[in-house]
Each structure stands twice: as structure tokens, then as C-alpha cells.
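# Residue-level structural notes
Okay, here's what each chain looks like letter by letter:
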Amino acid sequence: MEEREGEVRWDGLCSRDAATRAAALDTIGQAVLRRSETIAPVAAVPPARAADGLLVPAARDGLSEVLARLLMLSKRCPFPDVREKSEAILSGVQELGIRIPRPLGHGPSRFIPEKETIQVGNEDTMMHTLFADSFAALGRLDNVTLVMVFHPQYLESFLKTQHYLLQMDGPLPLHYRHYIGIMAAARHQCSYLVNLHVNDFLHVGGDPKWLNGLENAPQKLQNLGELNKMLAHRPWLITKEHIEQLLKTEENSWSLAELIHAVVLLTHYHSLASFTFGCGISPEIDCEGGHTFRPPSVSNYCICDITNGYHGVDEIHASPTGSIPSTESVCEVEALMEKMKQLQECRDEEEASQEEMATRFEREKRESMFVCSSEDEESAATRDVSRHFEDTSYGYKDFSRHGMHVPTFRAQDYSWEDHGYSLVNRLYPDVGQLLDEKFHIAYNLTYNTMATHKDVDTSMLRRAIWNYIHCMFGIRYDDYDYGEINQLLDRSFKVYIKTVVCTPEKTTKRMYDSFWRQFEHSEKVHVNLLLVEARMQAELLYALRAITRYMT
Amino acid sequence: MEKMARVTTALGGNALTGRTMFCHLDAPANAISVCRDAAQVVVAGRNIFKIYSIEEDQFVEKLNLRVGRKPSLNFSCADVVWHQMDENLLATAATNGVVVTWNLGKPSRNKQDQLFTEHKRTVNKVCFHPTEVYMLLSGSQDGYMKCFDLRKKDSVSTFSGQSESVRDVQFSIRDYFTFAATFENGNVQLWDIRRPDRYERMFTAHNGPVFCCDWHPEDRGWLATGGRDKMVKVWDMNTTRAKEIYCVQTIASVARVKWRPECKHHIATCSMMVDHNIYVWDVRRPFIPSAMFEEHKDVTTGIVWRHLHDPYFLLSGSKDSTLYQHIFKDASQPIDRANPEGLCYSLYGDLAFAAKESLISSDSNRKPYIGDRRHPIFFKRKLDPTEQFEYISSSSALSVFETDMESGSMDWFVHTAKQYALAGRPLAELCDHNAKVAKGLDRNQVAQTWTMLRIIYSSLGTVSSANLNHSMGKGSATLPLMNSFNLKDIPSGLGSESRLDRSKGENRTENILMDSSSTLINNEDNEETEGSDVPADYLLGDVEADEDDLYMMDHENPHAEEQEYSLPQEAFPLRHEIVDNPSALDHLQDKADSPHVSGNEAETVSLTPVESFSLISISHSLYENRLPTDFFNPIVRDTLLFYAEQGDVQTAVSVLIVLGDRIRKEIDEQTQEHWYTSYIDLLQRFQLWNISNEVIKLSTCRAINCLNQASTTLHINCSNCKRPMSNRGWICDRCRQCASMCAVCHHVVKGLFVWCQGCSHGGHLQHIMKWLETSSHCPAGCGHLCWRARYRRSSAAPWSGPTPPSPTPSSCSGSPSPGRSSCAGSPTTRHSLFLRGQ
């Protein structure tokens, strides 16, 4: 009976109505305090106390989770009233002699100093609306949102799409959607996304058994494993036979609409994993690794940092703009702008022959294979994550080692605008429109600034980044001179792009810091948005082309 | 051969002959174009660029223009066009942004003439001037259009669309200087070739990219456009504002459109994705293609009519690497396979049935009993002699079977719907009230049923023991009576059946007459109705009066008792709930401020009697312990099924709602859902929006409950700047003005806001209503005929038509609505006054 009473309901908090939230908070507060009281006197006697005399709540009673969640609310809720109240509850609990958690890590991203991100509570009206929307839809404000909010225009479209994919009408049941998200994120060992969606998966009534590995999931989802693997690492190998297999295995078969939904989800989470690693998103406060009950003195880094090879993030915490303004990097921006100008002007005079253009593309494609980080390649997959996919060996790097040839995909023959959109919208209405908008915003987003310079036309640079990513996937634009890429993107930048897009789990803070040293963090996030969308589109194009071929 | 003869005359001796034929290309084609004399065709694609001559029964390759050892991207064509003045001149658009011209008159193997490398991105389209030999136009992905003079090395002028990628450019056939350009963002621009600085006109034609356009070869102001939104639209450009005159909805995004020569209203289309067929549409008949070519195995990329003046030969190239010549007589005609039949019940029990004429006449001859108890009226489409031959097959007949006038009245339905109480009071009171309502309308059986329900389910708790004994006795007495109702075929309460019986005899003779005297009227304006006098009068006269009555009722008694229910609920913020996970509707019940207050009420109501029953059942166990309420459930179920079977779904649903959980388990979900949908449908046809919304809200079926959660978004325009309002609330982003000003009193409207969907102006409900009594123009002075728009709408949708697609958004509940406020968001109801609670 007490268990029942102690259960905490969070749904009321998502309301936009302050009174409802207040009421919900009151109930939560009472429930938490009541439970704390039941533990406090019992544990007062035994020696289970920690060094400072405070009680550590046992994990099994679920109180620690509740407290962690309250901690998250006190930091990340867009509504000030909720933030204050949850903090008050927490201190109330502390007064009872129970230790409360404290957040680990520094802000939403490990790469970006907390003070440079947008703080909850300091956002402007548009951002606040976005935060409130996001909070109302998800019941939390995740770190991805907090980083993306550098570009509110994009964030709006992103959230709308994600919300539609996960929660609105669609052919797949809700728990399938989250499970597919987990599958996709696990391909890149992205524990952040996996944790997030494990919670959501359980929340919508998913079977916890499935989480023990793909082999415990229904056959239907297992069948998707192969496609997931290929999409993540070698989308160009997808053929219509793969599609046929998914659609034709009698009892566990997928319908076309379901398949499209799944493909969109897979690509969405593959590229979101890229973003997560590319921007060094920290674990959520209320997830594993986002908070600790230990007192601050003991240790300073969290599990994820260890596994990814960061030791003591604090050490190099100087902002890239301020710290080492070496003369070389000062010129970086100017040099880049100069090159862009030159390219713009020479455009009409210089006549590269057709063969030359073709070889430039091939060269860029080939070279992109060898652009490889010198970082340590073996990253330990966290136990939690690895169980969601078999075959860890299957990765993008495999293929580059063996020097396999990526066939060229002609963008003019199968483009998102003309073909992909129509197919998606036909089978999964409205999503085509949402994705189209998102691609569009990401591709055209610009503030006409570069580092400290204003009124710069960055379209050439953005196109180079976009096309470089597509080039890595073998997608070629007939009307693009791939020589431009070499001019505009230097090696460290290419290394970063390549790593984030192909093997995101290997991204390090050093890589993030070493490219474009003069640029703002918001501009680096902008780059990441381009990476995310270009990657998603590339994967989608391959998958959709295979589906189209299957249909004709 | 007869056809051939006609072709010959049409072309003045230059007869085209041939058959449906095809040839394999080596590679997928992107575009095709024909020579002026219709004897040769050029096929261009990424890996192919060849000229074929069209022989009597085959294509013969004449020339391969892809010469040279090294493959060049200049040969990778996105588009090709053959000059209609000079048969040696061709132009191609290359995917790498180069425009190439080709001169077939060159003696060398390489026919390449000129190379223009001015575009930065892929060139999507090239187009020669129809009468000027040296003028070439190109449109590119980079957003520019360029005009080239073939005698010069560079472009003579550049046009910047200032929007996005150009997908198609076409010179006007009428105006020497005009050309149209279509864009990826849905816009169409008209340019004057002499003025490269600014477009002459621009309008948004499609949602999403406009892939193609084509000027009508004869009707000079017409421009057809096709877009990714699966529409083909025909625009009349003669007026100052481009007017959409026809719209064809296809099943896939439209890649090409080409007007059919010599046929004013015909247009050929092919699609970009998924669908491989070529359709020829009659734009006046947008729902079914008049002809269809199904030969291709992959998407068709290019279509072209073989000769400028010949409507029977169509050439097409496709991604499946074939080139086809289609002959019109080999086309499949979907109309042959379609069985155009329609069947619809009106509110008053009239039945309309439309079918092909041939089917009807034979049917009614064979089965004369159809006319047994009803009047059939026949409408037949009058064949317009000026219309073209395609229409011959489309004559159809419409029969209307009417019930007679006095019994056709559905007043009882409306009254009952309005007066029934469904929730908010204890069960006994509800039953009593409803019984009284039924009695007041002389529906004794229904009244009796309500009384019995009260006795069965709640009298134990509320009446004294003496009364109880009495009523129990009464109840058991009614039981066998009910059974006898079930057995009998004619229920006393339901008039319709007996009515029919009464009218049987007198109508029969008349019917036979009616059968033979099927009258010819023109379907497009159903004005001449002959043959049946009284029923026809009724149909045309009475209906309108009734509609008015209903309409007046709808807002004259603004539902004094209704407002207590629905308006306060409307004041609750609904949004958070809608944003919420739709499948988690279960949670709604838990929320304190959920708008389902009445649902909760229903639950509490359902609780009390059960409790009281258990209390009483102890004290009265002596008498009645053998008869728990469950005992009667099967009987009540049968009663409901009986009513539903009789067509009185109103009673069934009302009882279902009032009894709630007591009976719900007894009837399977599907049946319940079926009842609910029928009842809601009926209510909506009577424009009883409030009641239908209440029923939706009170229903316990998941599927029904969701009805007013769907499509709750209302898209509105700012009344100042006419742009869509993207912001929440009523302040327009763009002009920073409050959009909800009353056009009559110039104050901000709080509460109910009614506005015209034509001009976006509106104001207080009362003010606007008063205004429209005296004037039909917009009170804001914008000149829009608001009243006309509304009036046209409501009279164009008589209730005998199909139900409007009305998702009944909850935001509109409780608003006494003139017009059809419940159709919020449905794009079909552009013109109507619109209401919304703020």
C-alpha cells in the first residue's frame, strides 16, 4: 500500500498551466517527503552512513531515481516555478538526513563550456516557447535541445519532426519506435541516446526483456538489424533484394509504410548519434552518469568520460576562442574568406575539363577514405550498449581498410527533392514535408557571419561541407567542382567531419577543438547540423532508392 | 481506317500513320523532343543522346550524337529540345550546368555547335522561342534563367528569380515577349524578355516544387502547371490575377504536362515517381483520366505529342530505357472499367441512386417492385451536342426514391436530440426527463423504455419500498410486452414503416408512370424537374425553408442549458492535452483540468446508483434478492439492438450513454462504435454540432472519443496583411497588429470570434450577424462579398449530399454556428463564415 502511495506522478508537470504544475509539484513533494521519512528513521541507527553522516538512498527503493529526476527538474525545467519548487523539495529531503544527488559534468556539452551555452532561465521568448514545447512533449529538456538552441529556427523544425516520428500517427507502435531508436543509436555505441530511449521505451510499455539484446526482440525487429547495420556504415550496399527480404518474409514481414517509418527513424538516430558525439553531449542529469550521490571531492569524472577517453575534462577548459590565439589561427578565418572570394571570382575564367572534374570527385572520394583520425581506435563499448547489436566489427573503417570501391551515386538521378520526398510522403504522409523543411532549413541556415566577420556569404562553404559528406557516401553532383572542397576544408576539419559522420564514437574533444579554432561554438554546432542533415539525407537516399527499385 | 481519314483531313494531307510501337534504348531517357515534321525524335539522357526516325512500324536509329572517346558530362542531358522552326537545330541542358546547341547540318561527326557555361548548377530546362530562330532560354538549379542569342557567344540577358531553383521555363505562344518560369518553392513567375530586372507577375501555384508548365496551344491565356503536390492546375492568365480554373489531382507528383493538340481541354501528364503510366485528362473531369497508356515499366520521363496538330500520336521516353509511340485508339480508358454509381440517403429517408443509364433502365424494368412504395424520379444528363465525343459514354441517370411528405418530417429527431439529457444528473432523473421528452413527442414506446430503464437500474435506490413493489410489478409486467414488440413487425412508435405501408397502395400506379416518364434534365443546373409534381416541389421548396428553420433554431436559442455544459469547458486550455501523446488518452481521465469533465461526471453518476443499490438490496433482500440489475442486462441489450435495427439509433445511443458502464460490457465495441458514428453523422447533417460534440465527448468508445481530438488545428490568416498567422495567439508576426479586431465595432474580440474565410475579416458574432442582415459586403470595407460566399456554400451543400468531412474540433464545441463551423481545417470549405472560441 505504501508503495502505491509513494509512487510519484510526473505528468502534471508538463502542463502549461501554472496552477496544474503547482498542484502536481505539491503531490510530488508530499510523496517524496513521506517516503524519505519512512527511510530516514529506520536507517538512522545502522552504520550505513556515508562519511559526512548523510544517508545514501538505496537504489532499489527507487527513491534515488526520484531524487535524480527532481535534480534534473531543478536545473532544466523551462518553468521557473518548477525549478524553484523542486529545489525546495530536494533541500527538504536533505534536511531529513538523506543525501541528495548533484549533477556531474558541466552543462549540456562536454566540448562547450557551460557558460557559453544558453542557460535555462536566460532564454529569450522564442527559445522559451521551444523549451516549453519540448518539455511539454517529452517531460524533459534534453541536452541535445540545449545545444541545438543556438539555432532556434532549426531546433523548432527538428523537434517537430522528432515529435511526429515518435509520438504522432504512424504505422509503427510506440514501443517499436523507441526500440528502433535504441537499435540505431547502439550502432554507434551512443549510450546517451540509448539511455534516453530505454527510459522512453519502458515508459510506453515496452517489454524490458527486449533490452537484453536484439535476439530477445521479436523476429520482425531482428530482421531489421541487417538494414540498420548497412545504413549506418555502408548504405551504398543496400539493394532491392534487402528490401524484398524485409517485405516478403511471410509472418514477420514489414509493410512498406512501416518500413519507411523504420528507415526514417534509423537514419534519424544514426545522424543524431553523430550530433551527440560531434558536440560532446553530456549524459542527462537524471540518467546514469549524469549525477552522483557521492560528495564532490571523491572523483571528478563520469563513466562515459572514462570510456571515451576523457580524463578530467576540466583541465583544458579554456574556450577555443580565447586561449591560444596563435598567429596561425588568427589568419585562418581571413585565409578561408580569401579563398572563398577567389573561387567566386575565378569561377568563370577557369575551365576545368570534364575528365578533370570527374577525377576530382574520384580523388576526393578516395581520399576521404584515408582521412582517418590518429586517435586510439579501440574504444570500449559500454556494456549496456553493446548488447543491442551483434557484430561490432562491422563498421565504416572496415571498408576503407580493404579499399573497397564505393559506387558513384548520381544526385541528379535520384534526388531528395524530386524522388525521395514523393516516396516518403506517399507512404508516410506529412513526414516527407517535415523532413523536407528540416533539410531545407539546415542547408540554408546562415547568419552571414564567419567568426568575427559580418556580412559574409557562406553559401559556398556550406555547400562544400554538404557535398563533402555526400561525397564520402559516394553521392556525386554533376554541377559541383570537387576541387573547391580541397580549397575550403583543411585537413583537421576533414578529419573531424569524417569522424563525426562515419565513426562518431571516436570523436574527441581534441578534434573538436582543433578545427576552425577562430570560430564561435555556435558556428561549430552549425557545422554539426549540416553534418547531421547531410548524413541523414545520404542514408535516406540510398534506402529510398532501393525501395523505389523494389517497387518498380 | 475511318479514324485515319479524319487524321488526314486534320493535317491537311500530311497524314500520320503508325501503330503502337517501341524500341529499346541503351540507357534511361531523361527527355525527348520531336522534329517539326513529326518524322524524327531525339532522345536524351545521362548516357544516351540519339535521334530516331519514326517509320511506319518501327523506330530506326538515325544518329548518335554522343561522339568522342571520352565521356563528357556535357552529354549528360537533363533536357533536350528540338527547334520548331529549324529542323537542324537542337539544344540540350546538361546536368553539370552547361547549355549546348547542336547543328545537324554540320558535315563533321561531332554536331556540337555552341557551349554556354554560364550556369553554376544543373540546368533543368531549355526552351526555344516558338517563332524566333536564334533565341534560346534556359532555367537552372542556381535560380537564374538566361536568354541566349545563338549568334553570340554569351547570354544576352539573365533573369534572377530571387527565389529558388528554376524547374521549367516556357515561352508563351501568344505573347512574343512573355515566358513563364516555375520554381522549386511553388511559385510561377511571368517575365518579359525585354525586362531582365524584374518579373511581371508572380503567384504561388503549388505547395512544393512546380516541376513543369505548358501554355495552351490554342486558348491563349491558359497555363497548365504540375507539381510535387500531385496536382495539375490550369491557370487563366488573362485576368489581372492568375485564376485557377481547373485542378486535377493525380496519384503521384507530376513530372511533365503537355496539352493535347486540337483538344481544348485535354492534357497529358506523367509522374516523377512510383506511377509509370501516362494519363490524358479532360480537365473538366478531374477525377478519372480519359485515357491511359500503361506500357512503361519504370517512370516516364518525357512525353511529347508527335505532331503539333495531331491528337492521336504520343511519344514517350522512360527510365526503363524504352521509347514508345502510343496510339490513341490503343489507350485504355479507365472510364470503361469504372462503374459510376452513387447511393445516398437523405435525412428524411429519401434515397438517391445514380448509375449508368443502361444499368438503370434494365433494372427497373426487370424488378418493378423497386417502385413499390416509393417514387422514383429520373434525372438524365442532357447530352450537349457541342461537347466532344468523349462525353458520349458518360450519360448517367439519377433516381430519387422519396418517402412522402408528412411522414418525412424529422422534427422529432431534432427535438429529441436537443432536449435529451445525457449526463450530469442522477440516472433516475435522466431517465425521467428523457421519458418525458419522448412522451411529449408522442413516442410512447421510447418513453416507456426510459421509464423501464429507470425502474431496472435505479428505482431501488430512490423510491420508497411501496413504490418499489409497485414498480417492480410493473416492470415484470412490461417484460413480456417488450418481447411481443420484438416479435411484431410494426412498432407503434416508429412512424416511418407504417407510413410506408399506408402509402403503398396509392403510390403504386403513379410509380409505374414515373418509371417511363424519365425526364431529361441537364445535370449541371438541376432546375428543370418534371414528372413528379408534389415530391419535386417538396424537394426544392420545402428543403430550403427547413434549412432556414434549422439554421435559425441553431443560433436563435443559443442553448441556454447547453452553455452550462460546453462553454465553460471551452475556457480550459486544451492545448497541452492535444500535444500529448494521442494514444495515451487514458491518462486524460486522471487530469484535474481535463476537458472531459462531463465524462468524469458520468462516472460519478454511475457510481452513486450502484452504491445505493447495494444499500437497498440489503434492506429489500426479502423481495428481490433473486433479481440483481445484471439480470435485465440481456433484455436491455436486446432493446437497444431492436431500436438500432429499426433505424432509431438515437434512442440506442442515448440509452447507451445514460447507462454507461452498466450496459457497455453487454454490447460489443464494434456495434457501439457503429451506432455512435451513425448518430453523430445524423446529428451533423442536421447541423446539430453542439449535440454531436457532446455525444462524442460522452461516448466511451476510444475511436469515437478521438474524433474531436483530431484536426484541431485551425489555420487562419491575419486580417490586416492576409498572411497566414504562424504565431499562437492573435498578434500577427508580420504586421504586429491584433488580428481579432471586430470589423464592426473596432474593438478586440474576446470570446466568440466569427470570420469570413474569403477575406479574413470578422468580429463579434452578434455584430457580424446584424451586419449581414442588412449588407452582403464585408463590414471592413474590403469589398468582399462575405454573405454571398457563405450563402453559396450553404446552399451548395444540401444535406442530402455526402456528409461534409467534419472532424468536429473540440475548440468549436459549444459555439452556435451559422454555416459550418465544425468543418474547421478541412480545405474543402474555404468559403464560409468561421467561428472560434478564443
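Residues numbered from 1 in each chain as written. Chains lettered and ligands numbered in written order. Predicted model: local features only at pLDDT ≥ 70, side-chain atom pairs only at ≥ 80, totals over all residues. Heavy atoms only, no water.

An unreviewed UniProt entry lists chain B under the name GATOR2 complex protein WDR24, with Falco tinnunculus as the source organism. Annotation of chain B in UniProt includes, under Subcellular location (unreviewed entry), the sentence "Lysosome membrane". Per UniProt, chain B carries the Catalytic activity (unreviewed entry) text "S-ubiquitinyl-[E2 ubiquitin-conjugating enzyme]-L-cysteine + [acceptor protein]-L-lysine = [E2 ubiquitin-conjugating enzyme]-L-cysteine + N(6)-ubiquitinyl-[acceptor protein]-L-lysine." (UniProt positions renumbered as here; feature names shortened; annotations may be inferred.)

Naming follows an unreviewed UniProt entry, where chain A appears as Sestrin 1 of Falco tinnunculus. Listed in UniProt under the heading Catalytic activity (unreviewed entry), the comment for chain A reads: "a hydroperoxide + L-cysteinyl-[protein] = S-hydroxy-L-cysteinyl-[protein] + an alcohol". The Subcellular location (unreviewed entry) comment attached to chain A in UniProt states, word for word, "Cytoplasm".

### Describing the pairing of strand S2 (residues 31-34) of chain B
Residue and element names in this part refer to chain B. Neither face of S2 is exposed, since Ala-31 and Ser-33 on one face and Ile-32 and Val-34 on the opposite face are all buried. Here S2 pairs with strand S3 (residues 40-44) via four bridges, running antiparallel. Within S3, the position partnered with Ile-32 by the bridge is Val-43. (Buried < 20%, exposed > 50% of the residue type's maximum accessible area, 1.4 Å probe, protein only. Helix = DSSP H or I, 4+ residues; strand = E, 2+ residues; numbered from the N terminus. Pairing = 2+ DSSP bridges.)

### Considerations on the sheet that holds strand S12 (residues 144-149) of chain B
Pairing between sheet strands relies on hydrogen bonds along the backbone, with the strands arranged either parallel or antiparallel. Residues and elements named next belong to chain B. The four strands lie next to each other as S10-S11-S12-S13, forming an open sheet whose pairing is antiparallel. In this open sheet, the two edge strands, each paired with only one partner strand, are strand S10 (123-128) and strand S13 (155-160). In this sheet, adjacent strand axes meet at a mean angle of 20° when their direction is disregarded. As paired strands, S10 and strand S11 (residues 135-140) are joined by five bridges and run antiparallel to one another. Bridge pairing in S11 links Lys-125 to Gly-139. (Axes fitted to C-alpha atoms, helices over the stretch in contact; angles between N-to-C directions.)

### Re the packing of aromatic side chains
Using the criterion set out here, one finds 43 aromatic pairs over all chains in the structure. Their ring planes at 50° and their centres at 5.6 Å tell us that Tyr179(A) and Phe201(A) sit as a pair that is tilted. Placement of the pair is Tyr179(A) in helix H8 (residues 174-187) and Phe201(A) in helix H9 (residues 191-203), with a sequence separation of 22 residues. Each member of the pair Tyr179(A) and Phe201(A) is classed as buried. Note on Phe293(B) and Phe328(B): the rings are 5.9 Å apart at their centroids and 75° apart in plane angle, and the pair reads as edge-to-face. In this pair, Phe293(B) is assigned in strand S25 (residues 291-293) and Phe328(B) in the loop between strand S28 (322-327) and helix H2 (334-337), connecting sequence segments 35 residues apart. Here Phe293(B) falls in the buried class, since its relative accessible area comes to 2%. The exposure class of Phe328(B) is buried, given its relative accessible area of 10%. Feature note: the residues Phe111(A), Phe493(A), Tyr496(A), Tyr512(A), Phe515(A), Trp516(A) and Phe519(A) constitute an aromatic cluster, connected by ring pairs. Directly above the aromatic system of Tyr144(B) lies the positively charged group of Lys146(B), at a separation of 6.0 Å from the ring centroid. (Phe/Tyr/Trp six-rings, centres within 6.5 Å; stacked < 30°, edge-to-face > 60°. Lys NZ or Arg CZ within 6 Å of the ring centre and 35° of its normal.)

### Describing the sheet that holds strand S17 (residues 201-204) of chain B
Residue and element names in this part refer to chain B. The strand order across the open sheet built from four strands is S14-S15-S16-S17, with neighbouring strands paired in antiparallel fashion. Looking at which strands have only one partner, the edges of the open sheet turn out to be strand S14 (166-171) and S17. Pairwise comparison of adjacent strand axes, ignoring direction, gives a mean angle of 15° for this sheet.

### What about the nonpolar core?
Counting residues in hydrophobic clusters, the biggest one holds 169 residues, and the most contacted among them are Leu224(A), Phe275(A), Ile465(A), Leu489(A) and Ile497(A). Among all residues touching Ile465(A), those that are not within four sequence positions of it are Leu489(A), Phe493(A), Ile497(A), Trp516(A), Val527(A), Leu530(A) and Leu531(A). Ranked by size, the runner-up nonpolar core spans 51 residues in total, among them Tyr420(B), Ala423(B), Cys431(B) and Val649(B). (Core = buried A, V, L, I, M, F, W, Y, C linked by side-chain atoms within 4.5 Å. Contact = heavy atoms within 4.5 Å.)

### Quick notes on the pattern of salt bridges
Tallied over the full model, the rule gives 32 salt bridges over all chains. A salt bridge links Arg174(B) to Asp175(B), with the shortest nitrogen-to-oxygen separation between them at 3.7 Å. On the accessibility criterion, Arg174(B) (38% relative accessible area) is partly exposed. With a closest N to O distance of 2.8 Å, Asp648(B) and Arg443(B) form a salt bridge. Residue Asp648(B) is located in the loop between helix H16 (633-646) and helix H17 (649-659), and its partner Arg443(B) is located in the loop between helix H6 (427-440) and helix H7 (444-457); the two are separated by 205 residues in the primary sequence. In this structure, Asp648(B) and Arg443(B) share a single accessibility class: buried. Each of the salt bridges in this network shares a partner with another, and the network as a whole consists of Arg410(A), Asp413(A), Asp478(A) and Arg46(B). (Salt bridge = Lys/Arg side-chain N within 4 Å of Asp/Glu carboxyl O.)

### What to know about helix H5 (residues 125-138) of chain A
Residue and element names in this part refer to chain A. The end-to-end C-alpha distance of H5, which contains 14 residues, comes to 20 Å, matching closely the 20 Å that a straight helix rising 1.5 Å per residue would cover. Within H5 the residues assigned to the buried category are Met-127, Leu-130, Phe-131, Ala-132, Ser-134, Phe-135 and Ala-136. Packing partners of the buried residues in H5 comprise helix H3 (63-76), helix H6 (143-148) and helix H7 (152-167). Directly beyond the C-terminal end of H5, a positive phi value near 80° is found at Gly-139. (Expected span 1.5 Å × (residues − 1).)

### With respect to the pairing of strand S5 (residues 59-64) of chain B
The pairing of strand S4 (residues 49-54) of chain B with S5(B) spans five bridges and is antiparallel. Paired with Lys50(B) across the bridge in S5(B) is Asn64(B).

### Re the environment of His163(A)
Residues and elements named next belong to chain A. As for its position among the elements, His-163 is in helix H7. The exposure class assigned to His-163 is buried, which follows from its relative accessible area of 19%. A sequence separation of 29 residues divides His-163 from Ser-134, and the C-alpha atoms of the two residues are 8.7 Å apart.

### A word on the confidence of the model for chain B
All names here are of chain B. Averaged over every residue, the pLDDT of chain B is 70; residues scoring 70 or more account for 64%. Scored below 50 in pLDDT, residues 1-13 makes 15 contacts in the model with residues more than four places away or belonging to other chains. Ignoring residues within four places in sequence, the model shows residues 461-625, a span with pLDDT below 50, making 189 contacts including any to other chains. In the model output, the complex is listed with pTM 0.64 alongside ipTM 0.73. (pLDDT = per-residue confidence, 0-100.)

### Some words on the environment of Arg535(A)
Residues and elements named next belong to chain A. Here Arg-535 is to be found in helix H24 (residues 521-551). What makes Arg-535 buried here is its relative accessible area of 0%. Sequence separation between Arg-535 and Met-472 is 63 residues, and the spatial gap between their C-alpha atoms is 9.6 Å. In contact with Arg-535, not counting residues within four places along its chain, are His-188, Ala-232, His-270, Ser-271, Ser-274, Ile-469, Phe-473, Val-501 and Pro-504. Here His-270 takes part through its backbone oxygen, which lies 3.2 Å from a polar atom of the side chain of Arg-535. (Polar contact = N/O pair within 3.5 Å; in protein donor to acceptor, adjacent residues only side chain to side chain.)

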